[in-house]
Each structure stands twice: as structure tokens, then as C-alpha cells.
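Here are the chains, one letter per residue:
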Amino acid sequence: MKFGVVIFPGSNCDHDALYAVERNLGEQAVGIWHQSEDLEGCDVIVLPGGFSYGDHLRAGAISRFSPVMGAVRRFADSGGLVMGICNGFQVLVESHLLPGALIHNRGLKFSCKTVLLRTETLNSPFTSLCDPSQPLEVPIAHGEGCYFADDATLDLLEREDRIAFRYVDGNGEATEAANPNGSARNIAGVLSEGRNVMGLMPHPERAADPAMGSQDGLLIFRSVVSSFVAAR
Amino acid sequence: MRAVVHVTLKKTVLDPQGRTIRSALNNFGYTRVQDVRQGKFFEIEFEQGTDATEAEAEAQKFAHDVLANPVIEEFTVEFQE
């Protein structure tokens, strides 16, 4: 399976994602420059973390006009798998490929720590191998990660089973204290209507290598491979 | 011709920066300050001879599509000669 990792000016987790896919997952990975409109036959596109275009205007707001995003939109519209991590999630909501918005953390501080994520649905190519009773230990590192959407949108996401992950405590409860940034309903990741696009603020690629302590993030990448193989 | 665009967070969206500024003002002794909402301000120059109606339409469109994110923000557009 071939992963394409988009590189925007200011991306800084592109190499982490390439490393996780090649070394920890054992699949093919290529970097795709933001000026390119050619996705090089990739089976899944990863929009990595970082500060694309310096987060000017709003995080992800300028990246959405990159040539590569036209290709990513067409790819997603035709059912292609797209995963946005952190800044990649911000780019996806700014591109309207996912609903809602990501605003400044409730406490205004940049938050860099390990969190626990409860898998909210197994019905997606990104979560199929996860276990809802076993929260994933994955780091976050963001200043603008507070997920916001109006109540009607949040209700719709719940009704359509499109919440991928929630921040939880050690007991697996989505408490206020476990919410690192003030996200609505403790939401850490959401799915598109077609379930082929996912965005999440935490960094699964940073929890993929044994040296990093947790390898829980690898489950998300393995889910992608398993769903892809099953669909063929 | 110059367009002046103000972008602010919708009333329904938490504004942690505004809240922090309010606390700072209160702490500085401005105890009558009850609420602060902060936002962004853009001055946009159009080239000479641009048709006013076209500029107005264009500014409304790019304010909506680019300068503001309508999911969380609202905006106003005004023109100065």
C-alpha cells in the first residue's frame, strides 16, 4: 500500500509520518510537495502536522489554496482515503472536507503531552482494528486544537456515528478534566460523511516506534492497511 | 479605494483571548469592563479606477471565503475613499 505525505511549507511532522509508515508500518511512503497536483498513484493521503504557512490568518487557512489541495479534494470526493493529523486536521476543516473548526485551546496555552483516546466507532477505515475498551496513548502538540461546531452539527456527527476519537481519562470516561483543550464533547477526531476522510488532533505517527514508549498510534495506520486490503 | 474588513468570533464561540484580556483589564483596575471580544482587522487597497460595485462584491466574497471562517466568525466590510 502506498502512502502519500503532503509537505506544505511549514509542515514539521511530514518526516515523522514517512518514518512511521516506512519503518514501523512497513509500507511504501512518498512525500508530495504542496505545489504538485499529482498524487502519484497513492492509496491514502496523509496531511501531516506542523505550522503550514506559519498558521497565518487561521491555522490551515492558506494551505487550503495550495495546488495539491485541489487534487486531494478530487481524490477524497472519489472515495480516496485522506487522514489529517493536527495541522492536517486544521487544513481539512478549512477546506470543508470535514465539518466544524479548530480554535485556540481553552487555556490559550500550547499543549504538548500524552493523552488517552477512546475509539468511538469501528466503522471506519482508520479505526477498524482499534478496541473501544482500550484507550490509545497518543501525544498531542497544538495551540489551536479546540474542536468547535454548532450543536446541530455535533448532534448530526453523533447520529451518523462520525466521531472517531474522544479524549478520556484513565477509566475511559470522557470527563472535563480529560479534555486538554476545551473541545466540544471531548472530540479529538471526526469522520467525513463518506467515512473516507478523518481528521484528528493527536499524533498517531509519534506513537508508532518502540523508542517512543507507546505504539498505540500504529493501530490507526494498521487499520488503514487492513481496510484497504479487505476492500480489494 | 480601500476596503476595511473586521472579523470577530461569533457570540456563540468561546473567545479565550478576549476573556484573558478582560481579566487583565480588570486586574489593572478597569473593574467596569465586563466583556472583551477580540478580532482581526484588514485594510485592503484596490487598484485605482476599480468599479465600486465590483469591489464591494469582491470584498464581500473574499471576506466570506478567505478572511473569515463562517463556521466560527462573522465579518463586516466597509469602504473608504
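Note that this is a predicted model, so its numbers are computed, not measured.

Peer 1: It is not clear to me how the overall build of chain B should be interpreted in this structure. Could you clarify?
Peer 2: A tally of regular secondary structure across chain B gives two helices and three strands. If one aligns the C-alpha atoms of chain B with their principal axes, the spans along those axes are about 50 × 25 × 15 Å. Across the 81 residues in chain B, those meeting the buried criterion constitute 27%. Across chain B, the fraction of contacts at a sequence separation of at least 24, relative to all contacts at a separation of at least 6, is 68%. Accessible surface, chain B: about 5500 Å² in total, of which carbon and sulfur atoms supply 51%. Positive and negative side-chain charges of chain B, numbering 9 and 14 respectively, have mean locations separated by a distance of 16 Å.

Peer 1: Mind showing me how you'd approach the packing of helix α1 (residues 14-25) of chain A against helix α5 (residues 218-231) of chain A here?
Peer 2: Residues and elements named next belong to chain A. Between α1 and α5, the shortest axis-to-axis distance is 11 Å and the interhelical angle comes to 75°. As far as their axial angle goes, α5 and α1 are roughly perpendicular. On α5, the residues that touch Val21, Asn24 and Leu25 of α1 are Leu218, Phe221, Arg222 and Val225. Grouping the constituent residues of the contact of α1 with α5 by class yields five nonpolar, one polar and one charged.

Peer 1: Would you take a moment to explain the side chain of Ser95(A) for this structure?
Peer 2: Examined against the element boundaries, Ser95(A) turns out to sit in the loop between α3 (87-94) and β5 (101-103). Look past the residues within four positions of Ser95(A) in its chain and what remains in contact with it is Arg64(A), Met69(A) and Arg73(A).

Peer 1: How should unusual backbone geometry be read in this particular structure?
Peer 2: Residues and elements named next belong to chain A. In the Ramachandran plot, aspartate 161 falls in the positive-phi region, its phi being about 60° despite a non-glycine side chain. One can find aspartate 161 in the loop between α4 (151-159) and β9 (163-168). One non-glycine residue, asparagine 186, lies in the positive phi region at around 60°. Of note, asparagine 186 is situated in the loop between β9 and β10 (187-191). With a relative accessible area of 5%, asparagine 186 lands in the buried category.

Parameters at a glance
- Residues numbered from 1 in each chain as written.
- Chains lettered and ligands numbered in written order.
- Predicted model: local features only at pLDDT ≥ 70, side-chain atom pairs only at ≥ 80, totals over all residues.
- Heavy atoms only, no water.
- Helix = DSSP H or I, 4+ residues; strand = E, 2+ residues; numbered from the N terminus.
- Buried < 20%, exposed > 50% of the residue type's maximum accessible area, 1.4 Å probe, protein only.
- Contact = heavy atoms within 4.5 Å.
- Areas by Shrake-Rupley, 256 points an atom, 1.4 Å probe, with all protein chains shown as cover.
- Lys, Arg positive; Asp, Glu negative; His and termini not counted.
- Charge placed at Lys NZ, Arg CZ, Asp CG, Glu CD.
- Axes fitted to C-alpha atoms, helices over the stretch in contact; angles between N-to-C directions.
- Parallel < 35°, antiparallel > 145°, perpendicular 65-115°, else oblique.
- Nonpolar A, V, L, I, M, F, W, Y, C, P; charged D, E, K, R; others polar.

What is shown is where atoms sit, not what they do.
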